[in-house]
Amino acid sequence: MLATTSRRRPLGRTIVHVALALTVAFGTLAAAGGYWAVIKAPELVRSPLDPAVIQAARTVPRGTILDRDGEVLARNQKDANGELFRVYRGESISQVVGYASSRYGRAGLELAYDAELSGLGGDPVSDALRKFGTDPYDPKDLTLALSLELQRAAVRALGDRKGAVVMLDPRNGEVLAMASTPTYSASALADPATADRTFKALQEDEDEPLLPRATLGRYVPGSVFKIVTAIAGLGSGAVTPRTTYAEQPGAEEDGLVVDGFRIRDGHHLFTGSERLDLVGATQVSCNIWYALTGLETGGADLVEYAERLGFGEPLPFDLPTAISQVTNGSGDDPGGFVDDVELANAAYGQGETFVTPLQMALVASTVASGGELRRPRLVTAMTGERGTQTIGPHTVRRVLDGGDAAAITEAMVAAVETERGQQYTSGAKVPGVTTAGKSGTAELGGRGEPHSWFIGFAPAEAPRVAIAVLVEEAGRGAEVAAPMAGNLMELWLDSSE
Amino acid sequence: MDPFLLVIWIIRLLFLALLYLFLARVVGSLLRDLRAAAREPGASPGRLVVVESPAGEPEAGRSFDLDAITTLGRDVNNAIVIDDPFASTEHAVLTFRGRSWYVEDLESTNGTFVNGRAVAGVSPLGFGDEVSIGQVRLRLERARST
Amino acid sequence: MTAASRRAPANALPRILGPIRPRPRWTEARLLALAAIALVVGSVSLRLGLEGEFGLANAAGLGIYLGALGLAHLAQVLAGRRTDQVLLPVVGLLGGISLLLMQRLPQGLVTLGEGEAALGLGDVQLVWLVLGIAVTTTIAIVVRSDAWLRRYKYTWAAVGIALLLLTFIFGADVAGQRLTLRLGPIGGQPSELLKVILVVFLAGYLSENRPLLIEQDTRLGPLRLPPLPYLAPMVAMWAIALGIVVIQRDLGAALLFFAVFLALTYAATGRLSLVVIGLVLFLAGSALMANLFEHVRDRIDIWLDPFADPLGAGYQIVQSLHAFARGGLLGTGLGNGLPMVGGRLPIPEIHTDFPLAALGEELGLVGVIAILGLYFVVIQRGLRIGASAADDFRAILATGLALIVGVQAFIIAAGNLKVLPLTGVTLPFVSYGGSSLLANAVVVGLLLALSDRGVEPPPPPSSATGWRRRIQRGSA
């Protein structure tokens, strides 16, 4: 029971250990504070769950939204109780601008730029400084690249059919028009007097007008996907623009047999025994040439080039986008294909391939820009109390070199400009302007009419507009989408000169 | 910039700055305190060496590092147990106050002796002094330098 | 024999009471003055934030509080003890921040009385703070001997367990937790006091058995343990902690008890094996709890991903994180944060469970780190008092008291910041609540009393003959 022994340690040393443990614990707390207050803060203070955001929505005027010519697309109005609500410029912009409703939340740009529009967003430094002002809110006005006139024309062209039109400026990625139909009345949703009724009706509508088809709709691409295959084939070096296949002419009549599956074509009447190259195959939309090119390229390279174009992940865009895919990746073959049949079908857009209209517009735009993928931009400037912040063009990456892009352009020009090609792209040509394009007719496996597709750009020598048109279950691409695209490109090229 | 706003800014920042000034002063005084503590001699102010112990509890030659208060006696609850027929249950206590040692006889039956003289109440104790409790003799020494 | 020596206390300890003489406490005075300046500036800032005009927010309240601190200082000066001079200003500043926060929050959160005389949140907190200062000062001045704590450790343990049992049996259920014991009009949470009692008991037990716990071994596989019978208290503690969780649904208190117990056992014995076993028992207990009890599992799920249900189960913690995010680096300024939505505060129970989140929003990360720093100083001070204490009991007691404050502050701050699952313990000195403030006031008071370095110069020996003899010998 005696106190002094060899193993007795003074209490001081263990107390130091305890102090060290507490130091670590409190250090952790400080680090956690830094994580939430600095690193995660920009995300959290913009969240619609943040009470400051909710409070601001009721009392602080939101920023207005303007189109490229300064036309007001969204503005504020006061209701009988003095609370603010949003009024929108017509239905054509509804899926792009979205809505901000006190009852039903936000959608579209109103959601994506909620913090900026309500005045809470900004860089961390000015955020920190702003907190010292009496008025913590600095709502920003958004200027879009969108042209209200072109947008309205696109919605009018789609009419009462379901579909989407995306028009980009290939030089800088500006989104000139992004129409999805059917549209809805965002103003009726935002107005507290009509919100409940409108929302209920929209929810029950089987045509899903709330779905922005241009960014969130995923469709079988059909032949417009052949441009992706061409990019992958040329880019990977598997084929050249001169590549022909000995078995192709012979297979036109009865179809090409891949592992027992027969790939058919409909153009043997015009080409006969002619061995087609890139231009010829694109002109007549030859499934067999593209299937063989897909097999030649291989699944791995096809998927890799598609991913360089933006497939496989959400697009870098102002609005959320669905993920476009070449294959669902369930197989063990390179790239995730199940077998060569799926790869061959995917190469002309009929496999397990699903794309968004915006993604296909980017494919056209990338060819038009000589092989560079540019980030599509809706918002080009944000104007607040402390001036204007512009959002400039941004090149995401070079997808393929200029020579290959020129070869594909040549093929797409042939598809629109030549007599043989025009059987598939009638009406796509913009009068007086060299136009490049590719139509698509996406078979849905026997269910109803095929989707009608067209992608293209003009003028071919110095493109100023790229377009993707999709009309759901409207028949052949040549008949519906192609003339629509031609008219819209013409309208834009005329008005923007 | 609105001057009123500027004043608000300054006052807010001033409050935060004062919190840190306070912390800095506190840490400063803690450091001074630590330095002062470092200058103090080793943890134990002294030790007690057993010079003679006929009963072997405590055994002769053994040395006890002393706390500021050390009780001696026959009871096992004492810091130093003196197993001697002439020791009381609670016999004496050694205390270190300020910079000096004191011994206090706890009204033991047979008394406590310093250098052979009986202790009455509290008595100062120097290093080298011998304390006798019953037949047990203990000597107060400086703590070994650690 | 003089009269003085006959009055030797029965516990065999000598009187350490010297003659009382005033002793200036300049460090404490300077720090208190600085704290007072900071609080006045804070109050001005609060008024500007709330009302946009110059002046003090609730000048009377702040005046009373600062006056109480000043009186506490004066009382200690008059008492003349050489006690710690840093603790009171640091804790005083934390209490002042608490006062500002409670004055800033909607006063209707807590009301005492009715009609015009009704006291709001800020006033009630002020009453508790002043009472707390009084308790601290009284203990710091009056407690000169620790014998009453040291001697009756089992009595204390019994009192603690009795309190716990009383709460189990007679406690009122509040929000599914049985924590509050009511005695007529006075209600309180005994678990707050229990933690102090627990540390007193542990200090007594560990200091008494320290040699044994260190010396002797029982081998259990690769582990070297103290003799098994001496582990009984550890097992008992474990059982008590489990009991608290099961019956009181108070995860926070259980976590606090267990962590303090482990740390203290390690501090006293220096045996890591005990800590390892404790942690294993803790993890096993947690796993068992999570499997058996839904409320424990829910807490853990919420902790892992509060954003999974941001409007339901995860609401509080998500809102707390949002508050820190809104605060950012420098904060919104006192009175400017905490946006009300639909007339409600963003975080429920903000005044008891989330004061750190509120401060995080209004003072920013910079302010939060300053506040964590203040707690750290309290802990450091407490451990320092422990390390330089005169004996084992005092050392372990002081360490334990420091740990109570430190671990509790850590648990709730960690809960606010999603470092640990959220448990409902209070933030010491800052959260609203009488039980919590008074219990922590006792802790600070005891720490101050324990820090007494004795009276200088050394008191003359009470026996005049001693001096005479010494002088004679010296001259001889």
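Basis of the calculations
Residues numbered from 1 in each chain as written. Chains lettered and ligands numbered in written order. Predicted model: local features only at pLDDT ≥ 70, side-chain atom pairs only at ≥ 80, totals over all residues. Heavy atoms only, no water. Helix = DSSP H or I, 4+ residues; strand = E, 2+ residues; numbered from the N terminus. Buried < 20%, exposed > 50% of the residue type's maximum accessible area, 1.4 Å probe, protein only. Contact = heavy atoms within 4.5 Å. Areas by Shrake-Rupley, 256 points an atom, 1.4 Å probe, with all protein chains shown as cover. Expected span 1.5 Å × (residues − 1). Bend = angle between axes of the 7 residues up to and from the residue. Pairing = 2+ DSSP bridges. Axes fitted to C-alpha atoms, helices over the stretch in contact; angles between N-to-C directions.

**Q** Explain the overall build of chain A to me, please; I cannot follow it from the model alone.
**A** When helices and strands are counted, chain A shows 22 helices and 17 strands. Within chain A, the fraction of its 497 residues that count as buried is 58%. Counted over contacts in chain A with a minimum sequence separation of 6, partners at least 24 positions apart contribute 68%. Total accessible area computed for chain A in this model is approximately 19,000 Å², and 50% of it derives from carbon and sulfur atoms.

**Q** Please clarify how the overall build of chain C should be interpreted in this entry.
**A** The number of helices and strands found in chain C is 18 helices and five strands. Counting every position in chain C, which comprises 476 residues, the buried fraction comes to 57%. Considering only intrachain contacts with a sequence separation of at least 6, the fraction spanning at least 24 residues in chain C is 73%.

**Q** Please explain helix H15 (residues 355-387) of chain C as it appears in this structure.
**A** Residues that lie three or four places apart on an α-helix share one face, since the helix turns once every 3.6 residues. Residues and elements named next belong to chain C. Between its first and last C-alpha atoms H15 spans 32 Å; for 33 residues at 1.5 Å apiece the expected length is 48 Å, and the helix comes up short by more than 12%. Of all the bends in H15, the greatest measures close to 125° and is centred on Leu363. Most of H15 sits out of view: 28 of its 33 residues are buried.

**Q** Got a minute to help me understand the sheet that holds strand E8 (residues 174-181) of chain A in this structure?
**A** Hydrogen bonding along the main chain pairs the strands of a sheet, whether they run parallel or antiparallel. Residue and element names in this part refer to chain A. Strand order in the open sheet made by the five strands is E8-E7-E17-E16-E15, with antiparallel pairing throughout. Each edge of the sheet is formed by a strand with only one pairing partner; in this case those strands are E8 and strand E15 (436-442). Ignoring strand direction, the axes of neighbouring strands in this sheet form an average angle of 5°. Two strands pair when backbone bridges link them, and strand E16 (residues 451-458) and strand E17 (residues 465-471) are joined in this way by seven bridges, in the antiparallel orientation. Residue pairing across strands places Ala458 opposite Val465, the latter belonging to E17. In the packing of helix H20 (residues 402-417) onto the sheet, contacts are made with E15 and E16, and the angle to E15 comes to roughly 70°.

**Q** What is the right way to look at the environment of Gly364(C) in this model?
**A** Residue and element names in this part refer to chain C. Position of Gly364 among the secondary structure elements: in helix H15. Sequence spacing of Gly364 and Ala325 is 39 residues, and the spatial spacing of their C-alpha atoms is 8.6 Å. The contact partners of Gly364, leaving out residues within four places of it in the chain, are Gly327, Gly328, Leu329, Leu330, Gly331 and Leu359.

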